[in-house]
Amino acid sequence: PVIMMSGKAQLTDAVRAVKLGAFQFLEKPLSPEAVLATVRAALELNRARAENRALQAELGRRATLIGAGTAMQQVRALIARVAPTEARVLITGESGTGKELVAAAIHSESRRRGRAFVTVNCAAIPRDLVESEMFGHERGAFTGATERRLGRFELADGGTLFLDEVGDLSQEAQAKLLRTLETGELQRIGAERSMRIDARVIAATNRQLEDAVRAGTFREDLYFRLNVFPIELPPLRERLEDLPALVAHLAERVRPRNAARFTDDALAALSAYSWPGNIRELAN
């Protein structure tokens, strides 16, 4: 990461430097605290990019969609249609059906495949930290903000941001997400200016967002922003023809050198079960 510094630059110089790829532009006089905070933030971005490259490589290995049944053929066809576009995608389905794998497959087949694939589990973030986690904050923005933090949107700039369990976002976070989607800009907590962000958003939920909209717990305007191209994943009990292939794939993943073999009777027993936890339950 490049940090520019000058004592005579104008605003246009700073804007040009950032457009050319500079991480930050500092003006004299410099304070040690500001320089250290900027360097820390730059190093954090570098670490995040390295982690994203590693995760992307891992996703490439894991994002294989298993199954040749009618349902999975339809899902693959939808992925092939939407991946080359910039359309937002809303993936729905029960928990454990593989929504993140579908999002990763869309990213890997898109023009953004060489950039970051960043995941946010909206249900796992404490409500008072959602805005900081997604949009970042400046040093001193609130108690405990000892240094600048880059949000997931910023880390996904140029790539894809996957919002898992988006139906669990609070009303406040929904409002800020809607503004970012509408304007293409975000503002870190405590920042004076907004910044342009180019991240493709793919969202997923195991809830019926139409019911949440009617109940007033999910914004209708945000729902329409996210639900541009819907993909619904079938539960495992509705695609049991894929179960032998899934079992073989998962067994190979668990024991690559000596995968367990399942007899016809074992596969029949597995097929007789309803799998309420879907593929995640099967994998475990």
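Bear in mind that the values here come from a model prediction, so they are computed numbers and not experimental data.

**Student:** An account of a nonpolar patch on the surface is requested, with residue identities and associated values reported.
**Tutor:** A cluster of nonpolar side chains, Ile3, Val39 and Leu43, forms an exposed patch at the surface whose accessible area comes to about 210 Å². The residue Val39 is located in helix H2 (residues 32-62) in this model.

**Student:** How would you explain the sheet that holds strand S3 (residues 89-92) if you had to name every residue and give the values?
**Tutor:** The strand order across the open sheet formed by 5 strands is S4-S5-S8-S3-S9, and the pairing between neighbours is parallel. Strand pairing shows two members of the sheet lacking a second neighbour, strand S4 (117-121) and strand S9 (229-232), which therefore form its edges. For this sheet, the mean inter-axis angle between neighbouring strands, taken without regard to orientation, is 20°. With 4 bridges connecting them, S3 and S9 associate as parallel partners.

**Student:** Outline the environment of Arg81, supporting the account with residue identities and numerical values.
**Tutor:** Tracing the chain through its elements places Arg81 in helix H3 (residues 70-82). Through-space distance from the C-alpha of Arg81 to that of Ile106 is 9.5 Å; in sequence the pair is 25 residues apart.

**Student:** I'd like to hear about the nonpolar core, residue by residue, with values.
**Tutor:** If you look at the biggest cluster of nonpolar residues, it comprises 38 residues, and the most contacted ones within it are Met134, Phe153, Leu163 and Leu177. When near neighbours in sequence (up to four residues on either side) are disregarded, Phe153 contacts Met134, Phe135, Leu161, Leu177, Thr180, Leu186, Ile197, Ala199 and Val201. In this structure, Leu65, Ile91, Ala105 and Phe162 belong to the second largest nonpolar core, which totals 20 residues.

**Student:** Go over the packing of H3 against helix H4 (residues 99-108), please, and point to the residues and values.
**Tutor:** Here H3 crosses H4 at 40°, and the two axes come no closer than 9 Å. When the interaxial angle is binned, H3 and H4 end up oblique. The two elements H3 and H4 meet at a crossing, and its hand is right-handed. Mapping the contact onto sequence places Val75, Ile79 and Val82 in H3 and Val102, Ala105 and Ile106 in H4. A breakdown of the residues in the contact of H3 with H4 according to their chemical character gives 6 nonpolar, no polar and no charged.

**Student:** Talk me through unusual backbone geometry; I want residue IDs and the actual numbers.
**Tutor:** With an omega of 0°, the peptide bond running from Lys28 to Pro29 counts as cis. Mapped onto the elements, Pro29 comes out in the loop between strand S2 (24-27) and H2. The backbone phi angle of Glu165 is positive, close to 55°, even though this residue is not glycine. Looking at the secondary structure, you find Glu165 in the loop between strand S5 (160-164) and helix H7 (171-183). The exposure class of Glu165 is buried, given its relative accessible area of 13%.

**Student:** So, the environment of Leu233: which residues are in play, and what are the values?
**Tutor:** Tracing the sequence through the fold places Leu233 in the loop between S9 and helix H10 (243-254). Expressed as a C-alpha distance, the spacing of Leu233 and Ala71, which sit 162 residues apart in the sequence, is 8.2 Å. Every residue in contact with Leu233, bar those within four places of it in the chain, is listed here: Val75, Ile91, Thr92, Gly93, Thr97, Gly98, Lys99 and Val102.

**Student:** An account of the packing of H10 against helix H11 (residues 264-271) is requested, with residue identities and associated values reported.
**Tutor:** Across the interface, H10 lies against H11 with an axial gap of 10 Å and an inter-helix angle of 110°. What the angle tells us is that H10 and H11 run roughly perpendicular. In this structure, H10 crosses over H11, and the sense of that crossing is right-handed. Taken together, the residues of H11 that come into contact with H10 (itself represented by Leu243, Pro244 and Val247) are Leu267, Leu270 and Ser271. Classifying every residue of the contact of H10 with H11 by side-chain character gives 5 nonpolar, 1 polar and no charged.

Conventions we followed
- Residues numbered from 1 in each chain as written.
- Predicted model: local features only at pLDDT ≥ 70, side-chain atom pairs only at ≥ 80, totals over all residues.
- Heavy atoms only, no water.
- Patch = residues over 30% accessible without salt bridge, like charges linked within 9 Å, V, L, I, M, F, W, Y side chains within 5 Å.
- Areas by Shrake-Rupley, 256 points an atom, 1.4 Å probe, with all protein chains shown as cover.
- Salt bridge = Lys/Arg side-chain N within 4 Å of Asp/Glu carboxyl O.
- Helix = DSSP H or I, 4+ residues; strand = E, 2+ residues; numbered from the N terminus.
- Pairing = 2+ DSSP bridges.
- Axes fitted to C-alpha atoms, helices over the stretch in contact; angles between N-to-C directions.
- Core = buried A, V, L, I, M, F, W, Y, C linked by side-chain atoms within 4.5 Å.
- Buried < 20%, exposed > 50% of the residue type's maximum accessible area, 1.4 Å probe, protein only.
- Contact = heavy atoms within 4.5 Å.
- Parallel < 35°, antiparallel > 145°, perpendicular 65-115°, else oblique.
- Left-handed = near helix turned anticlockwise from the far one by under 90°.
- Nonpolar A, V, L, I, M, F, W, Y, C, P; charged D, E, K, R; others polar.

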